[in-house]
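Summary of structural features
Residues per chain are reported as follows:
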Amino acid sequence: MLVETGKPIVSRTHDVRGNTRNGSHDCWQALCNGLGEPLFKRMILVLRDFRECHLGELSPELEYLESYSENIKAYHNFPGDKVLAYYEDIVSDFSVVIRILDFIGIAHNIQEFDMEFHQKKSVMIYHRRRFSHTRNNLLDFRHHARTASRKTVEEIENHVKSMLGKVLCERYLHRYFNHLLSVEKD
């Protein structure tokens, strides 16, 4: 449920830097005050397969992956409490949502939560805003990558690797690159 009054407990963004197309400040300034102190006590990073994120966009420009990479860097350097969650796990395993609610300190009663209703409502909100290719199969986590050319997918992978480097790719994106390696071996 969205609360329209009072102080918000979650500040949500797709790009911790703000709108990078308009020359905004860097991500660390967005997360910290001018003294380098965090604006927030906690941070949650939700990651989705970067190939799906990029291929689902309307623009083929690889620069759109900068916000994805900068979010990972900001999370990695964040000095406060933090939790990493993967989109695929949130969709397929509600215990991840419970872990996030516990981390934020939001009381919940899972027995009173109508998962099917909220799942359908969330999909329809997204679908109205942007067409949902997987609304009838929420577990199809590789829809866009599967239909893209191998060359396009390789360009995306190489771009992300160049922006993040080996250490951050292995630490945060290992599941996506491991999946890729197992597919290539088949």
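Presented here is a report on the structure given in the accompanying data block. (Residues numbered from 1 in each chain as written. Predicted model: local features only at pLDDT ≥ 70, side-chain atom pairs only at ≥ 80, totals over all residues. Heavy atoms only, no water.)

**Some thoughts on the pattern of salt bridges**
All chains considered together, the criterion is met by eight salt bridges. Between E70 and K73 there is a salt bridge; the shortest N-O distance is 3.3 Å. Of the two residues, E70 and K73 both sit in helix α3 (residues 65–77), three residues apart, roughly one turn of that helix. Under the relative-accessibility criterion, K73 is labelled partly exposed at 25%. Measuring nitrogen to oxygen at the nearest pair gives 3.9 Å for the salt bridge that ties E170 to K166. Here the residue E170 and the residue K166 both occupy positions in helix α8 (residues 150–185), the gap between them amounting to four residues, near one helical turn. The network of salt bridges with shared partners includes D49, R51, R150, E154 and E157. (Salt bridge = Lys/Arg side-chain N within 4 Å of Asp/Glu carboxyl O. Helix = DSSP H or I, 4+ residues; strand = E, 2+ residues; numbered from the N terminus. Buried < 20%, exposed > 50% of the residue type's maximum accessible area, 1.4 Å probe, protein only.)

**A few points about the nonpolar core**
Membership of the largest hydrophobic core comes to 22 residues, with the highest contact counts inside it found for L47, F50, I72, V160 and L173. Counting residues per element, the ones that place at least two in this core are β1 (42–47), α3 and α8. Broken down by element, the residue count for this core peaks at ten residues, all from α8. The contact partners of L47, leaving out residues within four places of it in the chain, are Y68, I72, L84, A85, Y86, Y87, E88, Y172, L173 and Y176. (Core = buried A, V, L, I, M, F, W, Y, C linked by side-chain atoms within 4.5 Å. Contact = heavy atoms within 4.5 Å.)

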